[in-house]
Each structure stands twice: as C-alpha cells, then as structure tokens.
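# Summary of structural features
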Amino acid sequence: MKNVVVIDHPLVQHKLTFLRDRTTGTKDFRMLLRELAMLMAYEVTRDLPLEEKQIETPVAKMTAKVLAGRKLGIVPILRAGLGMADGIMDLIPAAKVGHIGLYRNPETLLPQDYYHKLPPDTSERDMILVDPMLATGGSAVVGINVLKEAGCKTVRLMCLVAAPEGLKAMYEAHPDVTIYTAAIDSHLNDHGYIVPGLGDAGDRIFGTK
Ligand code: PRP
Ligand code: URA
C-alpha cells in the first residue's frame with residue numbers, strides 16, 4: 001500500500017520482539033515502548049523541511065541547517081498512545097500535545113469517543129497521531145476525523161503493530177494519511193485482537209490485567 005511505511009530498522013525490530021514476548025513485564029514493556037517510539041519518530045520526521053542559518057563555529061563562519069519552524073503536534077489516543085508519547089517528546093521537546101480518549105466496545109469493537117483536548121492552533125500544526133495498535137482501524141479513523149474537524153491539514157499516524165484490516169479501513173477513510181508502523185501482522189482474531197500482535201497494549205503498559 002502506497003500510504004504505509006514499515007520501519008524495518010534492526011533496532012526497532014529487535015526491541016519489538018521483546019515487547020511482543022508474553023514474559024516481558026510492565027516495567028520493561030514501558031521502557032521498550034518509549035524507546036521504540038523515539039526510534040520511530042526519527043523516521044516519521046525524516047521529511048521535515050530545513051532552512052539555512054548563519055552561525056560561527058570556534059573555527060569559521062558557516063551556513064548551517066535548522067528545522068524550518070514547522071509547528072508540530074503529538075496526539076496520543078488514550079490510553080495506549082500515552083506509552084509512546086514520551087519517547088516522541090524526548091526527540092521533539094517543543095511539540096504541543098493533544099489527547100483523544102477512545103476505547104473499543106468489546107462486543108461491537110466500535111470506538112467510544114470520551115475525551116478531546118487539542119492545542120488551540122491545531123489547524124496550523126502538522127500532527128502525529130499515536131497509538132501502538134491498529135486493529136480494525138476504527139479508533140485511528142475516528143482520531144483522524146477529530147483532527148481534521150479541528151482544521152488539521154497534515155496528519156501522520158504512528159502505530160507499532162498494524163493488522164491488514166486496519167490498514168484497509170484507514171486507506172478507505174483517509175487515503176491522504178501516511179501510516180508508519182514497525183510490523184504488519186497476519187490478521188485479527190474473533191475478539192478483534194491482532195494475531196500474533198502483543199496482546200492488550202493498554203493493559204500491558206498500565207498493568208491493569
Ligand atoms: C486499543 C488500542 C487502540 C485500539 C485499536 O485501545 O490502544 O486504541 O484498541 O483497536 P481498533 O483499531 O480496532 O480500533 P482500547 O480500546 O483497548 O483502549 P485502551 O487503550 O484504553 O485500553
Ligand atoms: N487493541 C490492543 O491493545 N491489542 C490488539 O491486539 C487489538 C486492539
């Protein structure tokens with residue numbers, strides 16, 4: 001699919017394997033997810049525009065490059081997106097942060113929308129929507145609807161594990177959004193979980209099961 005970038009960097013793939021492992025406990029899960037988010041943010045921001053600036057090193061004057069003042073925003077989908085947000089902020093500390101609260105109804109698998117708080121200038125920002133799991137795609141589609149309704153013109157989706165079903169739903173609803181993922185897994189099971197996946201991301205981050 002044209003709008004999907006699989007981040008196959010060896011460090012990302014290595015850390016993802018340990019994250020998936022059922023024996024990885026809450027503390028290590030959080031640490032790995034944060035590290036993965038920082039490594040992935042490096043790829044997600046690869047095409048940010050640069051501009052030139054005159055500086056002086058201890059040796060000589062030079063024309064050097066700096067980011068061209070593009071306004072960025074990070075928007076984790078609650079809860080599991082929070083596990084990735086800190087890692088991205090480590091790399092982009094000046095970014096503003098919004099939150100979108102969604103949870104999947106376990107019977108219908110449809111996202112229930114319960115909370116939004118976005119930066120007031122969302123319409124002027126390039127937003128990175130963050131959620132480790134793209135399963136049916138329902139949550140990501142609603143999250144992007146919320147950002148577009150707030151006037152946002154450029155949205156990227158950063159997930160970690162995507163199911164083919166979620167990629168298809170995203171492409172049908174938001175073909176303009178590039179999806180960055182570390183893996184495309186096999187399929188969804190009868191409960192809407194990604195196979196092989198990593199289980200329930202929110203529960204593994206917060207130790208709620
Ligand atoms: C998980 C996950 C995504 C969503 C993905 O959240 O973090 O937000 O499911 O599934 P979808 O692609 O089928 O919508 P969940 O609803 O379990 O809420 P939580 O993060 O609060 O645990
Ligand atoms: N949400 C999760 O946390 N894990 C899945 O596999 C699917 C949805």
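Refer to the structure above for everything that follows.
All values derive from a computational prediction rather than experimental measurement.

Thresholds applied
- Residues numbered from 1 in each chain as written.
- Chains lettered and ligands numbered in written order.
- Predicted model: local features only at pLDDT ≥ 70, side-chain atom pairs only at ≥ 80, totals over all residues.
- Heavy atoms only, no water.
- Core = buried A, V, L, I, M, F, W, Y, C linked by side-chain atoms within 4.5 Å.
- Buried < 20%, exposed > 50% of the residue type's maximum accessible area, 1.4 Å probe, protein only.
- Helix = DSSP H or I, 4+ residues; strand = E, 2+ residues; numbered from the N terminus.
- Contact = heavy atoms within 4.5 Å.
- Axes fitted to C-alpha atoms, helices over the stretch in contact; angles between N-to-C directions.
- Parallel < 35°, antiparallel > 145°, perpendicular 65-115°, else oblique.
- Left-handed = near helix turned anticlockwise from the far one by under 90°.
- Nonpolar A, V, L, I, M, F, W, Y, C, P; charged D, E, K, R; others polar.
- Near = heavy atom within 4 Å.
- Polar contact = N/O pair within 3.5 Å; in protein donor to acceptor, adjacent residues only side chain to side chain.
- Areas by Shrake-Rupley, 256 points an atom, 1.4 Å probe, with all protein chains shown as cover.

## Considerations on the nonpolar core
Among the nonpolar cores identified, the biggest contains 36 residues, and Leu19, Met40, Met84, Ile88, Met158, Leu160 and Leu198 are the most heavily contacted of them. Among the elements of the structure, helix H1 (10–20), helix H2 (26–44), strand S4 (72–78), helix H3 (82–91), strand S8 (126–130) and helix H6 (201–206) are those that each provide at least two residues to this core. Take this core: its biggest share by element is eight residues, from H2. When residues no more than four places from it in sequence are discounted, the contact partners of Leu19 are Phe29, Leu32, Leu33, Leu36, Leu160, Leu198 and Arg204. One finds Ile77, Leu129, Val141 and Val177 within the second-largest nonpolar core, a separate group that totals 22 residues.

## With respect to the packing of H1 against H2
For the pair H1 and H2, the least separation of the axes is 10 Å and the interaxial angle reads 155 degrees. One element, H1, and the other, H2, form an angle in the roughly antiparallel class. Handedness of the H1/H2 crossing: left-handed. Across the interface between the two elements, Leu11, Val12, Lys15, Leu16, Phe18 and Leu19 of H1 pack against Phe29, Leu32, Leu33, Glu35, Leu36, Leu39 and Met40 of H2. For the contact of H1 with H2, the per-class residue count stands at eleven nonpolar, no polar and two charged.

## Here's the deal with the site of ligand 1
Around ligand 1, 14 residues are found, and the nearest of them are Arg104, Asp131, Thr136, Gly137 and Ser139. The contact in question runs from an oxygen atom of ligand 1 to an N or O atom on the side chain of Arg79, over 2.8 Å. Here an oxygen atom of ligand 1 sits 2.4 Å away from a polar atom, N or O, in the side chain of Asp131. If ligand 1 stood free it would expose 500 Å²; the protein chains cover 91% of that surface.

## What about the site of ligand 2?
Close to ligand 2 lie Arg104, Met133, Ala135, Gly192, Tyr193, Ile194, Gly199, Asp200 and Ala201, which account for all nearby residues. Within the backbone of Ile194, an N or O atom sits 2.8 Å from an oxygen atom of ligand 2. The separation between an oxygen atom of ligand 2 and a polar main-chain atom of Ala201 is 2.8 Å. For ligand 2, whose free accessible area comes to 230 Å², the fraction covered by protein is 88%.

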